[in-house]
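Each chain, letter by letter, is given below.
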Amino acid sequence: MTGWLTPLYGGGYWVAVRQLAAVYYVTGVVLHYVVPAVLPVKSVQKGERRKGQVTAEALQSIGPLLVKAGVWTLVEQLQQRGYTKLYTGWPPDAWQALYMLLSVVALDYLHDAWFYWTHRLLHWRPLYIHVHALHHTSTVPTAFTGYSFHVAEAALVFANEVLVCFLLPLHVGLHRAYHLFTTVIHQGGHAGYEVAPFLPTLEQLVSLAIVGPRPCGALNTVRHHDMHHRFPRSHYSLYMTHWDRICGTEHPKYQADVTAHFASGAGAVGRGGQASGAAQQQQRHGVAG
Ligand SMILES: [Zn+2]
Ligand SMILES: [Zn+2]
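Residues numbered from 1 in each chain as written. Chains lettered and ligands numbered in written order. Predicted model: local features only at pLDDT ≥ 70, side-chain atom pairs only at ≥ 80, totals over all residues.

Caption draft 1: A look at the overall build of the protein. Tallying secondary structure elements over the protein gives 13 helices and 2 strands in all. In the protein, which comprises 289 residues, the share counted as buried stands at 42%. Put simply, 74% of the contacts in the protein that link residues at least 6 apart link residues at least 24 apart. (Helix = DSSP H or I, 4+ residues; strand = E, 2+ residues; numbered from the N terminus. Buried ≥ 20, exposed ≤ 12 C-beta atoms within 10 Å, placed from the backbone. Contact = placed C-beta atoms within 7 Å.)

Caption draft 2: Geometry of the UniProt feature "transmembrane region" (unreviewed entry) in the protein. This chain's UniProt record puts "transmembrane region" (unreviewed entry) on residues 20-41. When the span residues 20-41 is considered, its composition is 86% helix and 0% strand, and the gap between its end C-alpha atoms is 26 Å. (UniProt positions renumbered as here; feature names shortened; annotations may be inferred.)

Caption draft 3: Inspection of the packing of helix H1 (residues 13-38) against helix H3 (residues 62-80) at higher detail. Running from amino to carboxyl end, H1 crosses H3 at an angle of 135°, the nearest separation of the two axes being 9 Å. Put simply, H1 runs oblique to H3. Both H1 and H3 take part in a crossing whose hand is right-handed. Listed contacts from H3 to Tyr-13, Ala-16, Val-17, Leu-20, Ala-21 and Tyr-24 of H1 are Leu-65, Leu-66, Lys-68, Ala-69, Gly-70, Trp-72 and Thr-73. Along the lines of polarity and charge, the residues of the contact of H1 with H3 split into 10 nonpolar, 2 polar and 1 charged. (Axes fitted to C-alpha atoms, helices over the stretch in contact; angles between N-to-C directions. Parallel < 35°, antiparallel > 145°, perpendicular 65-115°, else oblique. Left-handed = near helix turned anticlockwise from the far one by under 90°. Nonpolar A, V, L, I, M, F, W, Y, C, P; charged D, E, K, R; others polar.)

Caption draft 4: How the structure looks around helix H2 (residues 53-60). Looking at H2, one finds that the buried residues are Glu-57, Ala-58 and Gln-60. Within H2, the buried residues cover an arc of 165° as seen down the axis, which keeps them to one side. Pointing more than 90 degrees away from the buried face of H2 are the exposed residues Thr-55 and Leu-59. (Arc of directions from axis to C-beta.)

If you want it as structure tokens, here you go:
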């Protein structure tokens, strides 16, 4: 029954396309239609979505999904020719299993850094106008905004999935599963309500276990990237938030918003961040590096 989705790795281009399409559209339907219907989630967004926005974004995502499948096919070809550090087989001992776990942490940090800096590059005016503006047509994102961007942006954003194959030894199945999961991360980060809290990385899960669900630097939220769609000069991160803090691109009202969110308990503080309308006007449609 699942033969059309397997093997997990090594099945070629069309298996990769089907894996991505299945994960992306099932996740999109669950996040956009099912979760709000069965769980008491509250929107963190201001404004209304455009008529037909969900359908348009679902269709717009096809191009990036095809590009990502192409990237994976390139990875398979490079691995078969022995050019990468990818490896196969089950870990022979506990140390190798531990290494696999640590390689996920390494992937999280590499992926986050790549996303932050390529995202800042995409806000360079020429690239913004011709490429990244397409993603920013959504000021009130949906789960299908996740991969609703230009195919040139897809080639840039997904290039790190090739680069990591040369940087550190990675299990082929882990490489595929991890980058299927990043698809879900992109969708969750645009869902419009807190996945309370948004947990895209292993480190954030550990942080939650240690300090609990309260504001701290290790935790990310859906609100963080959602604000980027209203304040395009803030919040270039998606996975973690440290680059925005280090580089001074965190929105000045973000911490207060998050504190209010956690103080209110599960759910959300209501629709929208607390940033002023003037600040929104100032930053809306703005482009910067
Ligand atoms: Zn976005
Ligand atoms: Zn952007």
